[in-house]
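This is what each chain is made of:
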Amino acid sequence: MRVTLKTRIWVTILIIVLLFSFFILFYFPAQQEKYLLKDFNKEVQNLAGTVALGVKIALTEQNFEGVQTAMDFVKDDPHMKFVSMLQVDTVRDEKGGLKIERTVFKTYPENVKVNPNITTSDSIIVKLAPFQTKVLNGEILLGFSTVDIQKSKQQIRLTSIVVSAIVFLIGIILGFWLAKRISVPLLALRDAALLVGEGDRNQHVYTKTRDEIDDLSKAFNKMVSDLKLAEEKILAAQNQLIHSEKMASLGQMTAGIAHEIQNPLNFVNNFSQLSKELIGEFNSADNEEEKLEILSDIKSNLEKINHHGKRADSIVKGMLMHSRNNIEEKQLTDLNALCDETMNLSFHSMRSTVPNFNCEIEKNFPTDVPKANIILQDISRVILNLLNNAFYIVHEKSEGNKDDIKNFTPKVSISTSYKNGFIRISIRDNGNGIPDSIKEKIFEPFFTTKPTGEGTGLGLSISYDIVKAHNGTMKLETKSGEFTVFIITLPA
Ligand SMILES: Nc1ncnc2c1ncn2[C@@H]1O[C@H](COP(=O)(O)OP(=O)(O)O)[C@@H](O)[C@H]1O
Ligand SMILES: [Mg+2]
C-alpha cells in the first residue's frame, strides 16, 4: 500500500494532537483537583487546630467567653457548615473493652444538629482537632462545605475541554499547513524531475521555505542546469565529430574519385591523340573509300571521347554535390539522379580503398518517381552512409569467403519507388545481415562493430536524424548471414 508523505505527516500530527488533547482533558484536571482538595483539607485541618488551641487556652483560663471567641474564629468563613466542640470519654463497652464515646458539647450555628461521628463526604469536609485540659478532654469538629471545590472542578473541566479543543484545532491547522508546506514543493520537484526525464531541460523549482527542501530544490536546479550544459557540450563535441567524419569520408571519396576520373581522362587523351593521327592519315589517303573509312573511325573516336568526357563530368558533378553544395535549404531534387550519382560515388570510393574490389550493382529507378523537396546534401549523405555500409559488409563477407569465393558474388542494389505521396528508397546488400542482438543498437550514436579507424558509429545515427527531420522514416529488414535492406520513406 502506498502512503503519501502528506498522509504520513497528517497521521503523525493527529496522533500527537490526540495524545495531547487526552492529557489536557483527563490527566491535567484530575491532577489539579487532587491538589485543590489536598490544599483545602489542609486548610480546614489548620483551622480546626487553631480553634482547638483557642478553646484549650480559654478552658485552662476558665474563660468561657474565650471558648466562644475561639469558636467564632471560623464563624465568618463562608464555607463553614458547622463547628462543634465535642467531649471525648473513654468508656467500657458491654464486652468489657474500652471504647471512645463522643458527645456534642456545643455547636455553632446552634440550630445545626451535628452527629459527632460524621466523616468527610463529597459535599462536606470534616476535620477533628483534639485538645486536653484538666476539666475536659475534647475535640473540635469542623465541617466545611465543598461547594466551591465542586465549582472549581467544573471550571477546570470546562477549561480543559476548551483548551483541548483549541489545541486540537491548532494541531489540525498546523498539520494541514505542514503537510502542504512539505508536500507542495516535493510534488513540484517530482513533476519537474519527470519533465526533466522526458527531456525538458528548462525545468526549475522555486521554493521559499529556507530549509532542506529549499536546499533540495537548489541542488535540483543546479543539477538540471549542469545537465543542460553537459548536454550542450556533448552536442558540440558530437557536431565536431560529425563534421570531422564528413571531412574524413569526403577526403577518402575525393581520392577515389580522382582515381576514377583518371580512367575516362586516359580514354579522352588516347582517343584524341589517335584522332589527331587519323587526320594525318586522312590527308595522305589516296582514294575516297579509304578517306570515308578514316572519317568514320574519327567519328567513332569523337563519340568515345564525348562518352568518357560525359562520364568524367558526371563524376565531378556528383563529387561537387557532396562537397561544394553547402545549401542547407530544401530544394526540389530528382531522387533517382541523386541515388544514381551517389551509388557511383560510393562504389568509386570503395574501389579507391580496395582497388580490385568487384561487386554486382543493381539500380532500379522507375520514371514515375516525382521530385522531392529535400535538403540535398543531407539526403545524399544518408544514401552514401547506407551504401558505404553495404559495400563494407559485402566486401567483408567476400574476404571471409576467400576459400570458396566462387560461391559468393557481392551485390548491392538501390531502387526507388513512389506510392501514395511517399517516395521509398531501398538499399539492399547480400552481406552478413545484422544479428538480432545488435539490431536495437545500430542507430545509437557511436555504436560500431568495425575496428577503430574504420567506423565511427555515427553513420546510421546521423542518417536516422536526417530522415526524421525530413518527416520520413527509416526501416530495416535483415536476415542473419543473408541480406540487409534499409528502406527510407520520404514525403514527396
Ligand atoms: N548493411 C549492413 N549490414 C550489416 N551490418 C550493418 C549494415 N549497416 C550497418 N551495420 C552495422 O551497424 C553498425 C553501425 O553503422 P554506422 O552507424 O554506419 O557506423 P559505422 O559504419 O561507422 O560502424 C555497423 O558497425 C555495423 O555493425
Ligand atoms: Mg557507416
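One can find the structure itself at the top, above this paragraph.
Keep in mind that what you see is a predicted model, and the values were worked out from it rather than measured.

Student: Where do I start with helix 1 (residues 5–60) in this structure?
Tutor: Three or four residues apart is the spacing at which side chains of an α-helix point the same way, because the helix has 3.6 residues per turn. Compared with an ideal rise of 1.5 Å per residue, which puts 56 residues at 82 Å, helix 1 spans 81 Å between its outermost C-alpha atoms and is within 8% of the ideal. Largest kink in helix 1: about 35°, centred on Ile-24. Taken from the residues just after helix 1, Gln-62 is the one with a positive phi, measuring 60°.

Student: Mind showing me how you'd approach the pairing of strand 8 (residues 411–419) here?
Tutor: Each regular strand shows side chains that alternate between the opposite faces of the sheet. Of the pairings in the sheet, the one linking strand 6 (residues 360–364) to strand 8 comprises five bridges and is parallel in character. Across the sheet, residue Glu-360 finds its bridge partner in strand 8, namely Lys-411. Taken together, the eight bridges between strand 8 and strand 9 (residues 422–429) define a ladder with antiparallel strand orientation. Residue pairing in the sheet places Tyr-418 in a bridge with Ile-423 of strand 9. Where strand 8 folds back onto strand 9 in an antiparallel hairpin, the turn is made up of two residues, including Asn-420, whose phi is positive at roughly 50°.

Student: How should the layout of surface pockets be read in this particular structure?
Tutor: In this model, the largest pocket occupies a volume close to 1100 Å³. Forming the boundary of the largest pocket are 42 residues, of which Asn-388, Asn-389, Tyr-392, Lys-450 and Glu-454 lie nearest the centre. Of all elements in the fold, only helix 4 (212–283), helix 6 (335–353), helix 7 (376–400), strand 9, helix 9 (459–469) and strand 11 (483–491) reach the threshold of two or more residues within the lining of the largest pocket. At 12 residues, helix 7 tops the list of elements feeding residues into the lining of the largest pocket. When its residues are assigned to classes, the lining of the largest pocket shows 17 nonpolar, 19 polar and six charged. Here the second largest pocket is characterised by a volume of approximately 370 Å³. Lining the second largest pocket are 15 residues, and of these Asn-239, Ile-242, Asp-378, Ile-462 and Ile-466 lie nearest its centre.

Student: What exactly am I supposed to notice about the pattern of salt bridges here?
Tutor: Tallied over the full model, the rule gives 14 salt bridges. Two residues, Glu-33 and Arg-157, come together in a salt bridge whose shortest N-O distance is 3.3 Å. Of this pair, Glu-33 sits in helix 1 while Arg-157 sits in helix 3 (residues 147–197), placing them 124 residues apart in sequence. A salt bridge links Lys-75 to Asp-72, with the shortest nitrogen-to-oxygen separation between them at 4.0 Å. In this structure, a network of salt bridges that share partners links the residues Glu-360, Glu-362 and Lys-411.

Rules of the game
- Residues numbered from 1 in each chain as written.
- Chains lettered and ligands numbered in written order.
- Predicted model: local features only at pLDDT ≥ 70, side-chain atom pairs only at ≥ 80, totals over all residues.
- Heavy atoms only, no water.
- Helix = DSSP H or I, 4+ residues; strand = E, 2+ residues; numbered from the N terminus.
- Expected span 1.5 Å × (residues − 1).
- Bend = angle between axes of the 7 residues up to and from the residue.
- Pairing = 2+ DSSP bridges.
- 1 Å grid on protein atoms, 1.4 Å probe; cavity = no way out; pocket = protein on both sides within 12 Å on 5 of 7 lines; lining within 4 Å.
- Points joined across faces, edges and corners; volume = space filled by probe spheres on them.
- Nonpolar A, V, L, I, M, F, W, Y, C, P; charged D, E, K, R; others polar.
- Salt bridge = Lys/Arg side-chain N within 4 Å of Asp/Glu carboxyl O.

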